[in-house]
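In case you want the letters, here they are:
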Amino acid sequence: MENTQPSVFVFDAYGTLFDVHSAVQERGSALGDKAADVSETWRAKQLEYSWVRSLMGSYADFWTLTKDALDFALRKHGFDAFDKAVTQPLLDAYLELKIYSDAFDALKALKKQGVKTAILTNGSPDMITTAVDSAGIADLLDEIFCVDAVKTFKTSAATYRMVTDTWEIVPKQVQFFSSNRWDIAGATKFGFHTTWVNRSNAPDEYAKYAPENVVSDLSAL
């Protein structure tokens, strides 16, 4: 009989474990009152570029998309995208995004319980390694899965399959957490148990691919 109980906990990284807006919050003083708008556009374009490139079959790693998205965000809101005094601090900060305190505590608790944990991320290997090291969570993770290995982005089934293929398990043995509703939809369709970490209290969508659980943060773990 197929095992349908979760035996591993897998987390999305950006927005779920790491605060994607902390780069602008910490290093965006030059943006003045447009800082929040730049940050929102930066994130939106970063994701848009990943979906468009996946559909076109024209892969570029997530760090490239992150830089391209920042260029667009700055130009959209009236800044010089080639001004290194503005861009470099933001890019440096993005590599060391702040981890949510509830995420750190959750990973620590799971480690103490002996639960197998991993990150499944769109981030490039260098990006996620730097973020994990900066946050001090490397020893709380058993594995980091980067989509760079399959040269496409979530929500492609190939990205979720990295977990099941590597660990030789079936999808229903995976409990997956993401703050991105589209990511939850993709993981649900693939067959993972899913929990939507709805940090922004966003309305639901993708009704056909509903999460099994919805939480406001990871403190419940």
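Everything here concerns the structure above.
Here the structure is a predicted model, which is why all the values come from computation and not from measurement.

Participant: What exactly am I supposed to notice about the pattern of salt bridges here?
Facilitator: Should the charged atoms of two oppositely charged side chains come close, the side chains can pair. According to the stated counting rule, one finds seven salt bridges in the structure shown. A salt bridge links lysine 154 to aspartate 12, with the shortest nitrogen-to-oxygen separation between them at 2.9 Å. Of the two residues, lysine 154 is situated in the loop between strand S3 (143-146) and helix H7 (157-167) and aspartate 12 in the loop between strand S1 (8-11) and helix H1 (22-27); the sequence distance between them amounts to 142 residues. Of the two residues, lysine 154 and aspartate 12, neither departs from the other in class, the shared state being buried. Connected through salt bridges with shared partners, the residues Asp12, Lys154 and Asp183 form a single ionic network.

Participant: Would you take a moment to explain the side chain of aspartate 183 for this structure?
Facilitator: Considering the arrangement of structural elements, one finds aspartate 183 in helix H8 (residues 181-190). Relative accessible area serves as the criterion here: at 0%, aspartate 183 is assigned to the buried category.

Participant: Looking at this model, I keep getting lost on the pairing of strand S2 (residues 116-121). Mind explaining?
Facilitator: Each regular strand carries side chains that alternate between the two faces of the sheet. For S2, the tally of buried residues reaches five of six residues, placing the bulk of the element in the interior. Bridging between S1 and S2 involves four bridges; their strand directions are parallel. By the bridge assignment, phenylalanine 9 is partnered in S2 with threonine 117. As defined by bridge partners, S2 adjoins S3 across four bridges and the pair is classed as parallel. Residue pairing across strands places leucine 120 opposite phenylalanine 145, the latter belonging to S3. The parallel pair S2 and S3, bridged by helix H6 (residues 125-135), forms a crossover whose chirality is right-handed.

Participant: Would you explain the sheet that holds S3 in this entry?
Facilitator: Adjacent strands of a sheet form backbone hydrogen bonds with each other and so pair up, either parallel or antiparallel. Here we have six strands laid out as an open sheet, ordered S3-S2-S1-S4-S5-S6, and parallel in their pairing. Looking at the sheet topology across the chains shown, the edges are occupied by S3 and strand S6 (213-215). If you compare each strand with its neighbour and ignore which way they point, the axes differ by 20 degrees on average.

Participant: Quick question: what am I supposed to make of helix H5 (residues 101-113) here?
Facilitator: Every α-helix carries 3.6 residues per turn, so stepping three or four residues along brings you back to the same face. Its 13 residues place the ends of H5 19 Å apart at the C-alpha level, agreeing with the 18 Å of an ideal helix rising 1.5 Å per residue. Close packing links the buried residues of H5 with S1 and S2. Glycine 114 sits one or two residues past H5 and shows a positive phi near 80 degrees.

Participant: In this structure, what is going on with the side chain of threonine 152? I would like to understand it.
Facilitator: Its place among the elements puts threonine 152 in the loop between S3 and H7. Overall, the relative accessible area of 15% leaves threonine 152 in the buried class. Of note is the side chain of threonine 152, whose polar atom sits 3.3 Å from the side chain of serine 54. Threonine 152 has contacts with Ser54, Tyr59, Val147, Ala158 and Thr159, leaving out every residue within four places of it along the chain.

Participant: How do you make sense of the environment of alanine 157 when you look at a structure like this?
Facilitator: If you trace the backbone, alanine 157 turns up in helix H7. On the basis of relative accessible area, alanine 157 is assigned to the partly exposed category, the value being 32%. Put simply, alanine 157 and glycine 32 are 125 residues apart on the chain and 41 Å apart in space, counted from C-alpha to C-alpha.

Participant: Help me understand the packing of helix H2 (residues 35-56) against helix H4 (residues 84-95) in this model?
Facilitator: Pairs of packed helices are described in terms of their axes, by the angle between the two and the distance that separates them. It is at 14 Å that the axes of H2 and H4 come closest, and there the two elements cross at 65 degrees. Note that H2 runs across H4; the crossing there is right-handed. Along the contact surface, H2 presents Trp42, Arg43 and Gln46, while H4 presents Leu90, Leu91 and Tyr94. Of the residues that constitute the contact of H2 with H4, the class distribution is four nonpolar, one polar and one charged.

Participant: Before we go on, may I ask you to explain the packing of aromatic side chains in this structure?
Facilitator: Here a ring pair, both rings aromatic, is described through the centre-centre distance and the interplanar angle of the planes. Within the structure shown, the criterion is met by 15 aromatic pairs. Geometrically, the ring pair formed by tyrosine 160 and phenylalanine 192 is edge-to-face, given 5.8 Å between the ring centres and 85 degrees between the ring planes. Remark: phenylalanine 192 occurs in the loop between H8 and strand S5 (193-197) and tyrosine 160 occurs in helix H7; sequence separation between them is 32 residues. Each member of the pair, tyrosine 160 as well as phenylalanine 192, carries the same accessibility label: buried. Aromatic side chains phenylalanine 190 and phenylalanine 192 sit 5.2 Å apart centroid to centroid with 80 degrees between the ring planes, which places their arrangement in the edge-to-face category.

Reading the values: rules and limits
Residues numbered from 1 in each chain as written. Predicted model: local features only at pLDDT ≥ 70, side-chain atom pairs only at ≥ 80, totals over all residues. Heavy atoms only, no water. Salt bridge = Lys/Arg side-chain N within 4 Å of Asp/Glu carboxyl O. Helix = DSSP H or I, 4+ residues; strand = E, 2+ residues; numbered from the N terminus. Buried < 20%, exposed > 50% of the residue type's maximum accessible area, 1.4 Å probe, protein only. Pairing = 2+ DSSP bridges. Right-handed = clockwise from strand over helix to strand, strands pointing away. Axes fitted to C-alpha atoms, helices over the stretch in contact; angles between N-to-C directions. Expected span 1.5 Å × (residues − 1). Contact = heavy atoms within 4.5 Å. Polar contact = N/O pair within 3.5 Å; in protein donor to acceptor, adjacent residues only side chain to side chain. Left-handed = near helix turned anticlockwise from the far one by under 90°. Nonpolar A, V, L, I, M, F, W, Y, C, P; charged D, E, K, R; others polar. Phe/Tyr/Trp six-rings, centres within 6.5 Å; stacked < 30°, edge-to-face > 60°.

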